[in-house]
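Residues per chain, in single letters:
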Amino acid sequence: MLTLKQRIDAIRKTKVEHTLKKREQNGYTDLDDFGTVPLPENYIVQPWYNSENGSFYGLDGMAENFCRVMDAHAPYVDPLEMLCGRWRDMLVNYRGDIHYMPNWRKAQVKESDFSGVTAQWSKRWDEKRFPYDHLKPLQKKYNIQTGIDGDAHLACDYTIGLKLGFGGFLEKIEKYRKINPDKKAFYDAEEKCVWAIIRFIDRHIAEIEKQIETESCPEIKESLEKMLLVNKSIRLGTPKTFYEACQWVAHFNCASRVYTRDGAGFQLDTVLLPYYENDIKNGILDDETAKFLIANLLLIDPHYYQISGVDVNDKDITNHLSYLILEAADMINISCNLTVRVHENCDKAFFNKAVYYLLKNKNAWPRFCSDKNLCEGYMKNGISKEIARKRIAVGCNWMCVPGIEFPMNDTVKINIAKVLENALDDMKAEPSKSTKRLFELFEEHLKIATEVTAAGVNLHIDHQADVTPELIMNLMMEDTLEKGLDISQCAKLYTVGVDGAGLAVVADSFGALNLRVETEKLLSWEEVYKNLQNNFAGVQGERIRLLLNSSPKYCGGNTVSDEWAKRITNIWVKTIKSQKMPDGRQLVPGWFSWARTIEYGKAVGATPNGRKAGEPISHGANPNPHFRTDGAVTAQSNGIAAVQCGYGNTAPLQIEFDPKLADDQKGIEIVGGLIKSHFEQGGTLININVLDTDKLMQAHENPEMHPDLVVRVTGFTAYFASLSPEFRQLVVERFLTN
Amino acid sequence: MNKAIVTDIQRASVHDGPGLRTTVFFKGCPLNCVWCHNPESINPNPQIMHYSDKCIGCGKCEDGCFSGAKVVCGKEMTAEEIFAEILQDKPNYANNGGATFSGGEPLLYKEILKELILLCKNNGITTAIETSLFLFDPEILSSVDFVMADFKIWDGEEHKKYTGVNNDIIKENFKHLDTLNVPFVVRTPIIPTINDSIEEIVAIRDFIKDFKNILDYELLPYHPLGVTKQKALGLPETRFIVPENSKMEILRSYANIKAKN
């Protein structure tokens, strides 16, 4: 008799094999694991380019190529699993995006296909029709990640899809096609995409039938037969059971990933609760099976799901399923992006259990977000509490109101280290130099950078529907199918996130100049400029670099740089919030770099905090390495809590540490206490890597030794073995700092 | 104004008492244990520590060293200055975390300690002390919330040989400590070849087991952190073998004061 535990163990083993195989096919990827499985041999997609620049755009381009990539996906049925389906490839691989392009795909394209493609500009945007050459000089000047060509950084309302099913989508498309006859192209494209998903399911049905015929183990055969019935049922029908709902979500997620790598999940414990409760009532589900199904869903894709939290009346929504989800995640214990919403009214035992799993598995899950600070902050944008409460954690650093918000979160960033560089350049020619003057110039440049960022955001929103319509996500958004409009055109909320990157570099630079040049007078402005220009060359340059770098840092605890970090945050928030936007749109500030610290660093010369030219900038809202000799996580927590932007977007606290604590009462109390105190001080989101020093160091030396080691790189988790050596080094340095 | 010499203030410590703690390391100790992992805290005066591997050869040592090659160990601080650091983590202490006064021997600085304990109490921060109990102050020891006291070697002669002082006074102070109604933990650093025998642990255990305020008897394995610092201070390096986990487990089984009753 094969137990569920034995099946899970076997599935985990397969997952490890897949991780290694994927690294072979993709090369190192400093990205989310995505839950993909390796490509089969001879996999090939012949993309259809409807633009002469060698890319595809718009309703027809996206729908046709979605069908081509989906249709190229062979079914994935592992008889040991209960759910089927996996994705392997995505549309962006055919649109010249170097950042995401795996090795296997690079091998297929010609050198000439990359013409005009840089790390910053790919062919994802139709520049021929919607050029923005006038914005590019300033975007480059301030190293802005523009958001132009971004996609999928919003969240579906899964209740819409679960209520309709794929057949229901088709009926809804037909219904509104009649009401909006002028939107024929839109409905044609939507319909075409839905049928591609149904064909994807059909191939799975055929594969399951094939496997049933040859399966000799009776319980596996029985399991496959159930899988078959479920897939047949949800092919067109509405999911009716917990099993069907999980399988439906899994298939939708595969499609949505293939389309634009959408990784936004939903409030897992409440959306699936009615199915769970109904099945339990009807005696067709037990907790062990429910856990297996959730574990299977988490295996299929590490989507960002939120669990726990409170409703609009501040009433705890934690339920029995919330516990089962944690237990399921523990059972499978892989790369996982569950976020626990924390509120003072929430079930304390549940919170403790979540912390327990963080300590027990040391696999970087779950992470935690603060309801109070996110909800109250978002309301400051003029949003009602009812809506703000629905804004859940569905991305790396970001939140979104499912179904109605178009936030572009995590796609728009300004590298403020580059803004500082421009301010420094301006001040160089001035006769009188001071940090006060430098800050004025910094503010001036920040305003220009924000204006050009806003222009980019507006260009994107105005034309995304013509370039990359969200054909899959539209299926589960409000007013899209109803009006025949893309969500970029009809969202109820346009609260667009703009993140600043490099806070610690800038704060420590101001702090070091303030202290070493102005207060202690150990250094002149001329010496500073000379050394920035020659990148601290020679042994005397190195001494000056160390002099600046040893100045008390941001997160040191009431240091000069901590004060500068707060001033910089104030000016950042003021500048972003005062930026005028059309059509009810508004910008929302946050601090986040995502995994682009290396890339952003390469664009910035030497900085007055003793950072050499081209070195990575600081991560997210985190301090620079060696911010304190004791690396105190409490000091880091306090420092980051003090630089929150306060409008519902995050400045995450990212901690890597080995507290040498057991998963016992003391460990839970200490780590749980740290989480709560960060939130009580105003913190919004915490990503904690509780790591085992020996294991991490062994894996750093030889990644093959621990192919199952998961780290939270930034907002996302990834297998350590899949990261590039450069990125592994960054994670290890962050770890050593704590 | 009273000042103390402090070697370091370490925040977010999880091994110096309950919860998350800020540990203040005072400089100066009446003992001179050969295995000391904080040898920089023995001499009560500020000292220069040299880490030659960090030297960049700039030739400007006198103008200030920023590479970490030449470090001044020991900073004069008032109680207010120390407390300002402790206060920073007040939001993180939760129910049972707080300040721990360690060293060196914190009881060398009685007046400062009294001020600090009062400041902590007035601000709702719990306090703990780590002491060799070679010094004693009933007022201080009865005013902290928790005491961690070392009992290093049972035999008096051996104790003098390896720590520089006899332990008669320490034994008396342990008895006195138990009358103060303050919970305490007894700790023995396990140094191979010196005190890593079952007989040694049993002798200490039998001495402490009937104290009414004792919470636990902990054995801490030797670790060689102090060797690098001895070198940096220009002191002879004394290195011991790190005891194996299996050995620690055996010794711990004899140190279990809860089981003895």
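Conventions we followed
- Residues numbered from 1 in each chain as written.
- Chains lettered and ligands numbered in written order.
- Predicted model: local features only at pLDDT ≥ 70, side-chain atom pairs only at ≥ 80, totals over all residues.
- Heavy atoms only, no water.
- Helix = DSSP H or I, 4+ residues; strand = E, 2+ residues; numbered from the N terminus.
- Buried < 20%, exposed > 50% of the residue type's maximum accessible area, 1.4 Å probe, protein only.
- Lys, Arg positive; Asp, Glu negative; His and termini not counted.
- Salt bridge = Lys/Arg side-chain N within 4 Å of Asp/Glu carboxyl O.
- Polar contact = N/O pair within 3.5 Å; in protein donor to acceptor, adjacent residues only side chain to side chain.
- Contact = heavy atoms within 4.5 Å.
- Pairing = 2+ DSSP bridges.
- Right-handed = clockwise from strand over helix to strand, strands pointing away.
- Axes fitted to C-alpha atoms, helices over the stretch in contact; angles between N-to-C directions.

1. Structural notes on the side chain of A:K433
Residue and element names in this part refer to chain A. Here K433 is to be found in the loop between α16 (416–428) and α17 (435–467). Notably, K433 is buried but unbridged: the nearest opposite-charge side chain belongs to E526, and the N-O separation is 4.2 Å. Among the polar contacts listed, one links the side chain of K433 to the backbone oxygen of K428, at a separation of 3.3 Å. Leaving out residues up to four positions away in the same chain, K433 has contacts with M427, K428, W525, E526 and Y529.

2. Things to note about the pairing of strand β6 (residues 98–102) of chain B
Residue and element names in this part refer to chain B. The buried fraction of β6 is high, at five of five residues. Bridging between strand β2 (residues 21–26) and β6 involves five bridges; their strand directions are parallel. Among the inter-strand pairings, F25 is bridged to a residue of β6, identified as S102. Sheet topology places β6 next to strand β7 (residues 126–131); four bridges connect them, and they run parallel. Bridging from a neighbouring strand, T100 pairs with A128 of β7. Between β6 and its parallel partner β7, the chain crosses via helix α2 (residues 110–122), and the hand of that crossover is right-handed.

3. Considering the side chain of A:N422
Residue and element names in this part refer to chain A. Position of N422 relative to the elements: it lies in helix α16. With relative accessibility at 11%, the residue N422 sits in the buried group. Ignoring anything within four residues of it in the chain, the contact list for N422 reads K141, Y142 and H445.

4. A few points about the sheet that holds strand β2 (residues 264–267) of chain A
All names here are of chain A. Strand order across the open sheet formed by six strands is β2-β3-β4-β5-β12-β11, with mixed pairing between neighbours. The open sheet terminates on both sides in strands that have one partner only, identified here as β2 and β11 (653–657). Each adjacent strand pair in this sheet contributes to an overall mean axis angle of 20°, direction not counted. When strand β3 (residues 304–307) meets strand β4 (residues 337–342), the two strands line up parallel, connected through four bridges. The residue of β4 that forms the bridge with Y305 is L338.

5. Considering the pairing of strand β3 (residues 47–50) of chain B
On a regular strand, one side chain projects to one face of the sheet and the next to the other, so that they alternate. All names here are of chain B. Going residue by residue along β3, you find Q47 and M49 tucked away on one face and I48 and H50 left uncovered on the opposite face. By the bridge criterion, four bridges tie β3 to strand β4 (residues 70–73) in an arrangement that is antiparallel. Each bridged residue has a counterpart across the sheet, and for Q47 the counterpart in β4 is C73.

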